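Read off the chains here:
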Amino acid sequence: MEDNLERKFYETEILKNNWSLREFNRQYNSALFTRLALSKDKNEILKLAEQERTVC
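Residues numbered from 1 in each chain as written. Predicted model: local features only at pLDDT ≥ 70, side-chain atom pairs only at ≥ 80, totals over all residues. Heavy atoms only, no water.

**Structural notes on helix α1 (residues 4-17)**
Alright, step 1. Here α1 is 14 residues long and its end C-alpha atoms lie 20 Å apart, about the 20 Å a rise of 1.5 Å per residue gives.
Alright, step 2. Every buried residue belonging to α1 is among E6, F9, Y10 and E13, and all of these are buried. Buried residues in α1, looked at end-on, bunch into an arc of 90°, giving them a common side. Turned more than 90 degrees off the buried face of α1, the exposed positions are N4, K8 and L15.
Alright, step 3. Put simply, D3 is the residue that caps the front of α1, since its side-chain oxygen is 3.0 Å from the backbone nitrogen of L5.
Alright, step 4. A positive backbone phi angle near 55° is found at N18, which sits one or two residues after α1. (Helix = DSSP H or I, 4+ residues; strand = E, 2+ residues; numbered from the N terminus. Expected span 1.5 Å × (residues − 1). Buried < 20%, exposed > 50% of the residue type's maximum accessible area, 1.4 Å probe, protein only. Arc of directions from axis to C-beta. Polar contact = N/O pair within 3.5 Å; in protein donor to acceptor, adjacent residues only side chain to side chain.)

Rendered as structure tokens:
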């Protein structure tokens, strides 16, 4: 993870959502940061990420 903004984003999400290492890896590998950056509806992407987390 070379981008400091991306790193800070994931650090914040880990703390805010109490992610386990497994959950962090899943969100990182699914490119949550990039999907949010490209999305026009950021709240919807976050909601989908949360739904995916509760299903697993």
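**Section: the pattern of salt bridges**
Pairs may arise between side chains of opposite charge once their charged atoms sit close together.
Alright, step 1. Inspection of every chain in the model, using the stated rule, returns three salt bridges.
Alright, step 2. The partner of E13 in a salt bridge is K16, with the nearest N and O atoms 3.2 Å apart. Here E13 and its partner K16 are both found in helix α1, three residues apart, which amounts to about one turn of the helix.
Alright, step 3. Given the relative accessible area of 56%, K16 is considered exposed. (Salt bridge = Lys/Arg side-chain N within 4 Å of Asp/Glu carboxyl O.)

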